[in-house]
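Residue strings, one per chain:
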Amino acid sequence: MIREAMQQDLFGLLRLYTFLHETSVPEDSAALQALWARILENPDYHLIVAEEDGQIVSSCTCLIVPNLTHVQRPYALIENVVTAAAYRGRGLAAGCLAFAKEIALRENCYKLMLMTGSQEESTLRFYERAGYDKTGKTGFVMWL
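A brief look at the structure comes next. Bear in mind the structure is a predicted one, so any value in this text is a computation, not a measurement.

### Topic: unusual backbone geometry
Among all residues except glycine, the phi angle is most often negative; among peptide bonds, the trans geometry is most common. Here H70, not a glycine, exhibits a phi torsion of approximately 55°, which is positive. Among the secondary structure elements, H70 is positioned in the loop between strand 3 (55–65) and strand 4 (75–83). Accessibility expressed as a relative area gives 44% for H70, which makes it partly exposed.

Printed below as a string of structure tokens:
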């Protein structure tokens, strides 16, 4: 089932993120819970999850960004696309990305952008099959 994350999904997501770039699941704390509440309360922040066997096994984040250009239409950003190793190749991440696209369309976004740090051809082909064009823009990152 693909859906937006709910209150009880926090630690399932944090476990999933160890397949992305995190090395461990953080301990529960007031700061972590405050951040989680802030994310869930933000109407422009969409945490999309694929759930199977009662576990969060794939996810992506879709942020809607209000905008003063393009006839004041917003745009959307995709981040943190991840699938647990045992569940890869089953279309779950593609389903999460499709769900994000539906949100972007519903919000009248004029574009949907995704950046990846992966240089693996299979990952780049996956994003191209999902409809993303790697020649449309040039991405730059300044790590802070």
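### Some words on helix 2 (residues 30–41)
Between its first and last C-alpha, helix 2 extends 16 Å over twelve residues, near the 16 Å set by a 1.5 Å rise per residue. Where helix 2 is concerned, the buried positions are L32, W36 and I39. For helix 2, the arc enclosing every buried residue in end-on projection is 60°, short of the 170-degree limit, so these residues lie on one face. Residues A30, A31, R38 and E41 are exposed on helix 2 and point more than 90 degrees away from its buried face. For helix 2, the secondary structure elements touched by its buried residues are helix 1 (10–16) and strand 2 (45–52).

### Some thoughts on the side chain of T61
Within the secondary structure layout, T61 lies in strand 3. Among the residues examined, T61 registers a relative accessible area of 2% and is labelled buried. Residues contacting T61, with those up to four places away along its chain left out, are Y17, Y45, H46, L47, L77, I78, E79 and N80.

### Brief notes about the pairing of strand 3
Within strand 3, eight of the eleven residues are buried, which leaves it mostly tucked inside the rest of the structure. Summarising the sheet, strand 2 and strand 3 pair through eight bridges and their orientation is antiparallel. By the bridge assignment, H46 is partnered in strand 3 with C62. Linkage of strand 2 to strand 3, two consecutive antiparallel strands, is achieved through a turn of two residues, within which D53 is found at a positive phi near 55°.

### Side note on the pattern of salt bridges
What the rule picks out here adds up to five salt bridges. In this structure, D9 engages R3 in a salt bridge whose closest nitrogen and oxygen atoms are separated by 2.6 Å. In this structure D9 comes out as buried when scored by relative accessible area, which is 6%. Judged by relative accessible area, which is 11%, R3 ranks as buried. For K134, the salt bridge identified is with E128, shortest N-O distance 3.9 Å. One network of salt bridges, in which partners are shared, links R3, D9 and E51.

Reading guide: rules and limits
Residues numbered from 1 in each chain as written. Predicted model: local features only at pLDDT ≥ 70, side-chain atom pairs only at ≥ 80, totals over all residues. Heavy atoms only, no water. Helix = DSSP H or I, 4+ residues; strand = E, 2+ residues; numbered from the N terminus. Buried < 20%, exposed > 50% of the residue type's maximum accessible area, 1.4 Å probe, protein only. Expected span 1.5 Å × (residues − 1). Arc of directions from axis to C-beta. Contact = heavy atoms within 4.5 Å. Pairing = 2+ DSSP bridges. Salt bridge = Lys/Arg side-chain N within 4 Å of Asp/Glu carboxyl O.

Remember that the coordinates give geometry; whether it matters functionally is a separate question.
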